[in-house]
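Observations on chain architecture
This is what each chain is made of:
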2 protein chains.
Amino acid sequence: MPAALDADDLRRIDEIVATRRRVRRRETLFRTGDRFTSLFAIRSGFFKTRVASEDGRDQVTGFQMAGEIIGLDGIVNDEHSCDAVALEDAEVCVMPFQRIEALSREVKALQRHIHQIMSREIVRDHGVMLLLGSMRAEERLAAFLLNLVQRLRARGFSQSEFILRMTREEIGSYMGLTLETISRTMSKFVADGILEIDQRKVRIVDPEALQRILNPPGC
Amino acid sequence: MPAALDADDLRRIDEIVATRRRVRRRETLFRTGDRFTSLFAIRSGFFKTRVASEDGRDQVTGFQMAGEIIGLDGIVNDEHSCDAVALEDAEVCVMPFQRIEALSREVKALQRHIHQIMSREIVRDHGVMLLLGSMRAEERLAAFLLNLVQRLRARGFSQSEFILRMTREEIGSYMGLTLETISRTMSKFVADGILEIDQRKVRIVDPEALQRILNPPGC
DNA sequence: CGTAGGCTTGAGAGGAATCAAGTGCGGTGG
DNA sequence: CCACCGCACTTGATTCCTCTCAAGCCTACG
């Protein structure tokens, strides 16, 4: 909440985020079909969201880290339309949506903030659609890694080294690829001197090369 | 606006949608980078939205028809992040977002409505991500056609026959396929007795078969 | 110390892209 | 009114990227 708020507004917003909930690794914060009551602000930990098609296939729709909001999918039908699974032990703020709506009718900055969060998610999804619809495996992985370090950097982490909280299979599901293709593409990046990988630990040796894969210089 | 509203609220909402704008075929309602000021409610006509990557490729992110809202992408950064192009002569209501926000602070039902529209767009995008990430060409096209007739039916049109307002290339872009693959897959559906096609006119002969392609009965 | 799950790597198959040629409709102008 | 042109579309041949199937490895964990 980066906005200009008076002390009273801040106190009332604090009340909304008063309730906490812990979610252990592999446990779900909510599931498809669960009644929607609250949005969740991630305080610590790492989540994935996934949707399932009727015939059993599923697709990871996003990875969320501390500071991000999860649960927006539930607003439209009063029930969640995806699963949110913790990839490591996590803690979230439970924010009852009724109270968010009530307070955002009074606090303009909060209303604005809510609208921006939802719009940001829509724009992010369009970016993923672009990735899934028109990029090849190397480009998808480059885009994924660059997006990840950028978000981590904004949180004060190293911009070259980080730990993947998700498996190759989960990355593959997010990117519309198989785990083998993720593994092979990562191996290729290592062979090309772009990455160093030790299990889940990734070091980006040559970020410009990743950027070049995404935006070929000849364009 | 399907909500219980008193006469005064209705009058004020009417004021918001008072301004109209006509957009001719192939013209844009807004472009990437345009300053965001308003949402648009489509009164008549058909639009596509598309995002562009830096190296020139682009991706259709959606097709919008009468009754749908367009422009939500612009809220987060006060500028639009996609292009909206009319696929046929169209008319929209211009709804200044400042006024929407102001009025939705006072009219609970309007606030709710806005939140639902944004959430619905997020859920729709997740569905497209599932399609792009895990379906084969036939499944994608079946899903597309079924979605299209369902939306047309909700507007009182035939549930078996309709006119495609977009080219094969635009369908292909939306589905992450080439125009040739769209054409071939449509031809196959015709050969299988599922569709009849005359140029842009499509008749769904066997909707159950389309549904079966999407959900193989053995699952 | 043994095992399971996650990962890597290889070989082969397959689905969609690409490249290419040709068709037909609609619009334009003579 | 008709001929011409361009654009959207169809269809075929070939290529290539990714999937699938398979085997084996490594590491964390019980």
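Further up the page is the structure itself.
Presented here is an overview of the structure given in this document. If you're wondering where the values come from, they're calculated on a predicted model, not measured in any experiment. (Residues numbered from 1 in each chain as written. Chains lettered and ligands numbered in written order. Predicted model: local features only at pLDDT ≥ 70, side-chain atom pairs only at ≥ 80, totals over all residues. Heavy atoms only, no water.)

In this section: the protein's contact with DNA strand C. Around DNA strand C sit 16 residues in total, of which A:S183, A:S187, B:A137, B:T181 and B:R184 are the nearest. Counting only the atoms of DNA strand C within 4 Å of the protein, the fraction contributed by sugar and phosphate is 64%. Interatomic distance of 2.8 Å between a side-chain N/O atom of A:R184 and a base nitrogen of DNA strand C. One nitrogen or oxygen atom from the side chain of B:R184 is found 2.8 Å from a base oxygen belonging to DNA strand C. The biggest single contributor to the surface near DNA strand C is helix α6 (residues 179-191) of chain A, with five residues. When its residues are assigned to classes, the surface near DNA strand C shows three nonpolar, six polar and seven charged. (Near = heavy atom within 4 Å. Polar contact = N/O pair within 3.5 Å; in protein donor to acceptor, adjacent residues only side chain to side chain. Helix = DSSP H or I, 4+ residues; strand = E, 2+ residues; numbered from the N terminus. Nonpolar A, V, L, I, M, F, W, Y, C, P; charged D, E, K, R; others polar.)

Attention now moves to empty space enclosed by the protein. All names here are of chain B. Applying the stated criterion across every chain, the model contains one cavity of 30 Å³ or more. A volume near 30 Å³ is recorded for the largest cavity. Lining the largest cavity we find F63, F144, N147, L148, R151 and Y174. The leading source of residues in the lining of the largest cavity is helix α4 (residues 137-154), at four residues. (1 Å grid on protein atoms, 1.4 Å probe; cavity = no way out; pocket = protein on both sides within 12 Å on 5 of 7 lines; lining within 4 Å. Points joined across faces, edges and corners; volume = space filled by probe spheres on them.)

All names here are of chain A. For the structure on display, the rule yields ten aromatic pairs over all chains. Ring plane angle 20 degrees and centroid distance 5.9 Å describe the contact between F30 and F40, whose orientation is recorded as stacked. Residue F30 is found in strand β2 (residues 28-30), and its partner F40 is found in strand β3 (residues 38-44); the two are separated by ten residues along the sequence. Grouping residues by exposure puts F30 and F40 together as buried. (Phe/Tyr/Trp six-rings, centres within 6.5 Å; stacked < 30°, edge-to-face > 60°. Buried < 20%, exposed > 50% of the residue type's maximum accessible area, 1.4 Å probe, protein only.)

Our next topic: the interface of chain B and chain A. If you look at the interface, chain B gives 49 residues, while chain A gives 49 residues. A buried area of about 4,600 Å², summed over both sides, lies between chain B and chain A, and 58% of it is on carbon and sulfur atoms. Among the residues of chain B in contact with chain A, B:R105, B:H115 and B:M129 are the three that bury the most area, contributing 15% of the side total. Seen at the junction of chain B and chain A, the total is four salt bridges. Two residues, B:E101 and A:R112, come together in a salt bridge whose shortest N-O distance is 3.5 Å. Among the secondary structure elements, those contributing two or more residues to the side of chain B that touches chain A are β4 (46-52), β5 (58-65), α2 (97-104) and α3 (108-134) of chain B. Top element by residues in the side of chain B that touches chain A is α3(B). It accounts for 20 residues. When its residues are assigned to classes, the side of chain B that touches chain A shows 20 nonpolar, 15 polar and 14 charged. (Contact = heavy atoms within 4.5 Å. Buried area = accessible area lost by both parts, 1.4 Å probe. Salt bridge = Lys/Arg side-chain N within 4 Å of Asp/Glu carboxyl O.)

Summed over the entire model, instances satisfying the criterion amount to 36 salt bridges over all chains. Across the pair A:D192 and A:K188 runs a salt bridge, and its minimum N-O distance is 2.7 Å. For B:R203, the salt bridge goes to B:E196, with nearest N and O atoms at 3.2 Å. Judged by relative accessible area, B:R203 falls into the partly exposed class, the value being 29%. Taking the relative accessible area as the measure of exposure, B:E196 reaches 41% and is therefore partly exposed.

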